[in-house]
Amino acid sequence: MGDLLSPDRLLTTFGAFGIFVVLFAETGLLIGFFLPGDTLLIAAGLLAATPVTAAVHLDLGAVLVGAVAGALIGAQVGYHIGRRFGPGLLQRPEGSRIGAGMRRSQDLLERFGPGKAIVLARFVPVARTLMNPLAGATGVPARRFLLWQAAGGVLWTVGIILLGYFLGATVPNIEVYLIPALILITVASVLPLVVRSMRQRRTTERQQANTDQTDVLS
């Protein structure tokens, strides 16, 4: 299964259509959080930068169209799933990956408001899967959601593909450094939310301790 979902296998087998399907599933379906969105976009940009005569070459225009279409259509589907099934759809055990992703998505909403949160979630693994149904379940207006998800979707897909294309065209043997770079990007995107969550937890614990102490004294 892991080999089947590897970016190289997906792109070699399905090309731009594979990008569309993966991004649609990752941003539109609750089960899509395990799909390799960021890695796939970078790899697609790298393959678009290879010579036309190379063993594997992707057309940059087709890659961009497939990625943008998958990300935007998927987000709309996720939003309408959230509106249809409501908050109960998004309740997951605290220890599950979806539960952790839900907390990250809710942190984004509370800190930045719907507009900025919808854009930022595109760059946060798991959160970009859950933000769309969360926006629908919490009543974000449809037009506002469409505007911001389109802005975020285009920025995310086009930006990362062109980054991969630029790296592939200018840095020799860039594939050697690709996985470490992606790990670094993922950690950098998630770390601020983890730190904020830990701070909020400590604040809650202190408040609870103060409340308990007050109750004892009274």
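The name an unreviewed UniProt entry gives the protein chain is SNARE associated Golgi protein, with Kineococcus radiotolerans as the organism. What UniProt states about the protein chain under its Sequence similarities (unreviewed entry) heading is, verbatim, "Belongs to the DedA family."

With respect to the packing of helix 3 (residues 60-85) against helix 6 (residues 142-170)
Between helix 3 and helix 6, the least distance of the axes is 9 Å, while the angle of their chain directions is 150°. Seen along the crossing, helix 3 lies across helix 6 with a hand that is right-handed. When its residues are assigned to classes, the contact of helix 3 with helix 6 shows 19 nonpolar, four polar and one charged.

Let's talk about helix 6
Spanning 29 residues, helix 6 covers 41 Å between terminal C-alpha atoms, matching the ideal 42 Å at 1.5 Å per step. Taken together, the buried positions of helix 6 are Phe145, Gln149, Gly152, Gly153, Trp156, Thr157, Ile160, Ile161 and Gly164.

Considerations on the packing of aromatic side chains
If you walk through the whole model with that rule in mind, you get three aromatic pairs. Between phenylalanine 17 and phenylalanine 20, the aromatic rings sit 6.5 Å apart at their centres with planes inclined by 25°, giving stacked as the arrangement. Residue phenylalanine 17 and its partner phenylalanine 20 are located together in helix 1 (residues 7-28), separated by three residues, close to a single helical turn. Geometrically, the ring pair formed by tyrosine 79 and phenylalanine 145 is stacked, given 4.4 Å between the ring centres and 15° between the ring planes. Note that tyrosine 79 is positioned in helix 3 and phenylalanine 145 in helix 6, a separation of 66 residues in sequence. Here tyrosine 79 falls in the buried class, since its relative accessible area comes to 1%. Members of the aromatic cluster, connected to one another through ring pairs, are Phe17, Phe20 and Phe24.

About the thresholds
- Residues numbered from 1 in each chain as written.
- Predicted model: local features only at pLDDT ≥ 70, side-chain atom pairs only at ≥ 80, totals over all residues.
- Heavy atoms only, no water.
- UniProt positions renumbered as here; feature names shortened; annotations may be inferred.
- Axes fitted to C-alpha atoms, helices over the stretch in contact; angles between N-to-C directions.
- Helix = DSSP H or I, 4+ residues; strand = E, 2+ residues; numbered from the N terminus.
- Left-handed = near helix turned anticlockwise from the far one by under 90°.
- Nonpolar A, V, L, I, M, F, W, Y, C, P; charged D, E, K, R; others polar.
- Expected span 1.5 Å × (residues − 1).
- Buried < 20%, exposed > 50% of the residue type's maximum accessible area, 1.4 Å probe, protein only.
- Phe/Tyr/Trp six-rings, centres within 6.5 Å; stacked < 30°, edge-to-face > 60°.

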